[in-house]
Amino acid sequence: MDLTYTEEEDDFRARLRKWLGEVLPTLPAKPAATDWPGRRAYDAAWQRMLYDAGYAGLHWPRDAGGQGATPTQHLIFLEETERAGAPYVGAGFVGLLHAGPTIAAEGTPEQRARWLPPILRGDEIWCQGFSEPDAGSDLAALRTKAVRDGDTYVVSGSKIWTSHAEVADWCELLVRTDPHAPKHRGISWLAMPMDAPGVTVRPLRTLAGSTEFAEVFLDEVRVPAAHRIGAENDGWRVTMVTLSFERGTAFVGEVVACRRVLGALARTARANGRWDDAVLRRRLGRLNAEFAALWRLTQWNVSEAQRSGGVPGVGGSVFKLRYSHARQELYDAAAEVLGAGALDADHEWVADRLSALSYSIAAGTSQIQQNIVAERILGLPKGR
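Basis of the calculations
Residues numbered from 1 in each chain as written. Predicted model: local features only at pLDDT ≥ 70, side-chain atom pairs only at ≥ 80, totals over all residues. Heavy atoms only, no water. Helix = DSSP H or I, 4+ residues; strand = E, 2+ residues; numbered from the N terminus. Buried < 20%, exposed > 50% of the residue type's maximum accessible area, 1.4 Å probe, protein only. Contact = heavy atoms within 4.5 Å. Areas by Shrake-Rupley, 256 points an atom, 1.4 Å probe, with all protein chains shown as cover. Salt bridge = Lys/Arg side-chain N within 4 Å of Asp/Glu carboxyl O. Axes fitted to C-alpha atoms, helices over the stretch in contact; angles between N-to-C directions. Parallel < 35°, antiparallel > 145°, perpendicular 65-115°, else oblique. Left-handed = near helix turned anticlockwise from the far one by under 90°. Nonpolar A, V, L, I, M, F, W, Y, C, P; charged D, E, K, R; others polar. Core = buried A, V, L, I, M, F, W, Y, C linked by side-chain atoms within 4.5 Å. Polar contact = N/O pair within 3.5 Å; in protein donor to acceptor, adjacent residues only side chain to side chain. Expected span 1.5 Å × (residues − 1). Phe/Tyr/Trp six-rings, centres within 6.5 Å; stacked < 30°, edge-to-face > 60°. Lys NZ or Arg CZ within 6 Å of the ring centre and 35° of its normal. Disulfide = S-S within 2.5 Å.

A. Structural context of the overall build of the protein. When you go through the protein residue by residue, the secondary structure sums to 11 helices and 8 strands. Out of the 384 residues belonging to the protein, those deemed buried represent 51%. Sequence separation of 24 or more characterises 72% of the internal contacts of the protein that already satisfy a separation of 6 or more. Counting every atom, the protein has about 17,900 Å² of accessible surface; 53% of that belongs to carbon and sulfur.

B. Main features of the pattern of salt bridges. Taken as a whole and assessed by the stated rule, the structure comprises 22 salt bridges. With its nearest N and O atoms 2.8 Å apart, the salt bridge here joins Glu80 to Arg17. Within this pair, whereas Glu80 is found in helix H3 (residues 71-83), its partner Arg17 is found in helix H1 (residues 7-23), the two being separated by 63 residues in sequence. A relative accessible area of 4% means that Glu80 is categorised as buried. When its relative accessible area of 48% is taken as the criterion, Arg17 is described as partly exposed.

C. Layout of the packing of H1 against helix H2 (residues 36-53). Between H1 and H2, whose axes approach to 13 Å, the crossing angle comes to 135°. As judged from the angle between their axes, H1 and H2 are oblique. Once H1 is placed against H2, the crossing between them reads as right-handed. Residue-level inspection shows Trp19, Leu20 and Val23 of H1 in contact with H2, the latter providing Trp46, Met49, Leu50 and Ala53. Here the contact of H1 with H2 is composed, by residue class, of 7 nonpolar, no polar and no charged.

D. Quick peek at the nonpolar core. Ranked by internal contacts, the top residues of the largest apolar core, which has 69 residues, are Trp46, Trp126, Trp189, Leu265, Phe291 and Leu330. The element best represented in this core is helix H9 (residues 315-338), accounting for 9 residues. In terms of nonpolar packing, the next biggest core, distinct from the first, is built from 24 residues, Cys127, Ala214, Val223 and Ala225 among them.

E. Seen up close, the side chain of Arg13. Relative to the assigned elements, Arg13 resides in helix H1. The class of Arg13 is buried, set by a relative accessible area of 13%. Within the structure, Arg13 has its side chain in polar contact with the side chain of Glu79 (distance 3.4 Å). Sequence-distant contacts of Arg13, defined by excluding residues within four places in its chain, comprise Tyr5, Ile76, Glu79, Glu80 and Arg83.

F. Spotlight on H3. Here H3 is 13 residues long and its end C-alpha atoms lie 18 Å apart, about the 18 Å a rise of 1.5 Å per residue gives. Of all 13 residues that make up H3, 11 are buried, and the element is covered over most of its length. Looking one or two places after H3, you find Gly85, whose phi comes out positive at around 75°.

G. Looking closely at the packing of aromatic side chains. Going through the model one piece at a time under the given rule, you end up with 9 aromatic pairs. Measuring from ring centre to ring centre gives 6.2 Å for Phe12 and Tyr55, while their planes differ by 70°; the resulting arrangement is edge-to-face. Of this pair, Phe12 sits in helix H1 while Tyr55 sits in the loop between H2 and H3, and the two are 43 residues apart along the sequence. Grouping residues by exposure puts Phe12 and Tyr55 together as buried. Look at Trp126 and Trp170: their rings are 6.0 Å apart centre to centre, the planes differ by 25°, and that puts the pair in the stacked class. Note that Trp126 is positioned in strand E1 (residues 126-129) and Trp170 in strand E4 (residues 170-176), a separation of 44 residues in sequence. An aromatic cluster is defined as three or more aromatic residues linked by ring pairs; in this entry it consists of Phe12, Trp19, Trp46, Tyr55 and Phe77. Seen from the ring of Tyr153, Arg148 lies directly overhead, with NZ or CZ sitting 5.2 Å from the centre. The side chain of Arg270 reaches across the aromatic face of Trp275, ending 4.1 Å from its centre.

H. Up close: the state of the cysteines. Scanning the model with the defined rule gives 0 disulfides in all. As a non-bridged cysteine, Cys171 has Cys127 as the owner of its nearest cysteine sulfur, 3.8 Å distant. Residue Cys171 is classed as buried on the basis of its relative accessible area, which comes to 2%.

So this is what it looks like as structure tokens:
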């Protein structure tokens, strides 16, 4: 992995920085955190600006509508947009970072032409229908069934923790298409329209008070067989592609954000007198080293993905495992720096601390990541 920058990459950074400096002051105020229709419109408008400027799907292959940028250019983009305070993908998270890359890697030419351009333009929003109430971390134990009826699947069941279901047009949906096959082999990956008859969405309120998750109930929803990504009953393999993107590259921008927060923590500690605490200084210093190491691991993972055809490998589980806990430690340190201010529910770090608690569960629990690292990287035998 070459960590130096070429002249072309330096030019790319300069052009991007100039563009961000021009467009960010023109953005309207962000909608309230509870205004999901407003947030969707805001996020979609930003995505359209990226698309018009040639920055949408920067690292996607050109034949998928992307820019075919190098891994280093992708990381430069993440660094510069975060440092400039640009909007994050927001409601477009699932489509841009999960479903879109999966369709680009596994979809037919017709499927790619149908779904990828609207994702890149911000025209269509996706949600993730993977988890189920009784499946937990054992995703392969899902019971939502899809029965083939001619050219359609009839889908019945329920999903939980469905990200952005309130405002989504499409759902990346895992269903059981062969109830008699071993549980990892009877699953298919479908693209389901959220306005189909039989779909009911019930928002879930999180500890932080937001409703970006929902329960989704499916009552004989008809989904065209042409909306299946990959072969029937091959959905588990396709799902591993999706999860490799989720664990391997979807959080990389947040590492930059955490490093920015860490710098702000140090400045706050100096301002309020907490910097005199040697234990706190050591804690912040260790976190600084932790996030610097995570950024280098990110660079390595993205480089590996490029060499393997664009799909992240199991190294993403190493990143996800350590990042989940480092983020929680960061906001524990924020509470220490804030002191009594850590009880102020309106402070952004307080809300982020509550959100950080979910990261050891989201995108696969830490226990699942430990199993993947143990079995697939270290070659240890499976636990009993």
